[in-house]
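# Secondary and tertiary structure notes
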Amino acid sequence: MTRPRILVSGASGLLGPYLAMAAKEWGDVFTTSRTSGDFSADLIDPDETKKLIKNTDPDIFVHAVGLTDVDLCEKDPHLASDLNTKVAENLAGLLSSDVCFVGISTDQVYPDRPGPHAEGLEDPVNVYGRSKLAGEKAVLTHSGGLVFRTNFFGPSYTPGRSSLSDFFVDNFRAMKEVTLFSDVFFSPLHMKTLCDLVFRSVSEGLRGIYNLGSRDGTSKAEFGLSVARHLGLSTEKAILGKMKMQPNRAKRPADMRMDVTKIETDLKTKMPTLEEEVSKL
C-alpha cells in the first residue's frame, strides 16, 4: 500500500518538530515554514501556497502555522488575522477536496467562564482567540477539515523557542524567582501525546472540531509545582500570584479547561490525566 504524503506547516514552531516525528509513523513527511523546512513558503501569499501544494501534492496537510503571542496579537490584529485566519483561508481554497486538512487551534477560543468547555461553546475574549476561531471556520469550509483545540507542553526542539514546561524547568534549575498563577486553569497535553492523537484521529477518518486535552485540568501554579516534583527541582523561589493582577496584558480567559468527551467517544479512547502527561517529561 502506498504511504500517504504528509505536509506539516510551522516547521520552525514549537509543535512542528513533534508533528513531523509523529507523521513518519504514518506516511512520507515534508515540512514547511517561511524560512525553514523541506520547502520554504510564505503561506500568506496565495501564489507561494499554490506552488508549495503543487510541489508536494499532499494527502494530509497538518496546518500548525500561527501567531501565538497573545499580547502581540492584541497590538497587531492585522498580523494576527494574516497568520491565524488568512493562511487557513488560502489553504482551504487551494487544497484538493480529497486532502485531509488538519488545523491546530487553541483553548483560547472559549469564553472567560468556568470550564470545562465543550465544543460549540465558543466566545473568545481577545484578538488571538477570535483570529484562531476564524481560522477554524476556514479549515472547516474544506471537505476534509479537521480542527483540534489544544494546549501543550514538553521539551522544545526548536532553537529560540521555549514551552511552558521549559520555562518552569529553566527557572527552577537556575533558582530564579518565578510567579505561579493560581487563578489560571488549563488541561494541556505533552506534545508527543498530542501529535500521536492527531494522526490516530486522521487514520480513523475523523472530521470536524475536537478538544484535545488531558482529562483533569489544573491551575498553572499546580502544573509548575507538579513539574518540579516530578523532576526533583526546588521551588524555593516560586511565588504564588494571580494573572488578574498582572498589568499591561491582553485579556485572557482564566479557565481554559476542556471537556474531552467528544474525542474520547469518537476515538474510543480514554484521554490521559495531566499527572500522566507530566510524567513524560
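Residues numbered from 1 in each chain as written. Predicted model: local features only at pLDDT ≥ 70, side-chain atom pairs only at ≥ 80, totals over all residues. Heavy atoms only, no water.

## So, the pairing of strand 2 (residues 28–33)
Formally: Paired strands, in this sense, are two strands between which DSSP finds at least two bridges. Going along the chain from the N terminus, every DSSP run of H or I of four or more residues is numbered as a helix, and every run of E of two or more is numbered as a strand. Orient the strands so they point away from the viewer; a crossover is then right-handed if the path from the first strand over the helix to the second runs clockwise.
Direction of pairing for strand 1 (residues 5–9) relative to strand 2: parallel, over a ladder of 5 bridges. By the bridge assignment, L7 is partnered in strand 2 with F30. Handedness of the crossover joining strand 1 and strand 2 through helix 1 (residues 16–23): right-handed. As defined by bridge partners, strand 2 adjoins strand 3 (residues 39–40) across 2 bridges and the pair is classed as parallel. Across the sheet, residue S33 finds its bridge partner in strand 3, namely S40.

## Points about the pattern of salt bridges
Between side chains of opposite charge, a pair can form as their charged atoms come close. The following threshold applies: For salt bridges, the criterion is a side-chain nitrogen of Lys or Arg within 4 Å of an Asp or Glu carboxyl oxygen. The rule is simple: take the accessible area with a 1.4 Å probe, protein chains only, and divide by the maximum for that residue type; under 20% is buried, over 50% is exposed, in between is partly exposed.
Scanning all chains against the criterion turns up 13 salt bridges. For R215, the salt bridge is made with E264, and the minimal N-O distance between the two is 2.9 Å. In this pair, R215 is assigned in the loop between strand 11 (208–212) and strand 12 (218–219) and E264 in helix 9 (residues 261–267), connecting sequence segments 49 residues apart. R215 gets classed as partly exposed once you look at its relative accessible area, which sits at 41%. Here E264 falls in the buried class, since its relative accessible area comes to 16%. R229 is paired through a salt bridge with E222; the nearest N and O atoms lie 2.5 Å apart.

## Looking at the packing of helix 4 (residues 77–94) against helix 5 (residues 127–139)
Threshold: Every axis corresponds to a line fitted to the C-alpha atoms, with the helix fit spanning only the stretch in contact, and the corresponding angles, defined between N-to-C directions, vary from 0 to 180 degrees. Each angle gets one of four labels, with under 35 degrees taken as roughly parallel, over 145 as roughly antiparallel, 65 to 115 as roughly perpendicular, and the rest as oblique. It only takes one pair of heavy atoms within 4.5 Å for two residues to be counted as in contact. The nonpolar class holds Ala, Val, Leu, Ile, Met, Phe, Trp, Tyr, Cys and Pro. Asp, Glu, Lys and Arg form the charged class, and all remaining residues, Gly among them, are polar.
Where helix 4 contacts helix 5, the two axes come as close as 8 Å, and the packing angle between them is 10°. Of the possible angle classes, the one that applies to helix 4 and helix 5 is roughly parallel. Between helix 4 and helix 5, the residues in contact are P77, A80, S81, N84, T85, A88, E89 and A92 and V127, Y128, S131, K132, A134, G135, A138 and V139, respectively. Split by residue class, the contact of helix 4 with helix 5 holds 9 nonpolar, 5 polar and 2 charged.

## Describing the side chain of N171
You can see N171 is positioned in helix 6 (residues 164–173). Accessibility expressed as a relative area gives 13% for N171, which makes it buried.

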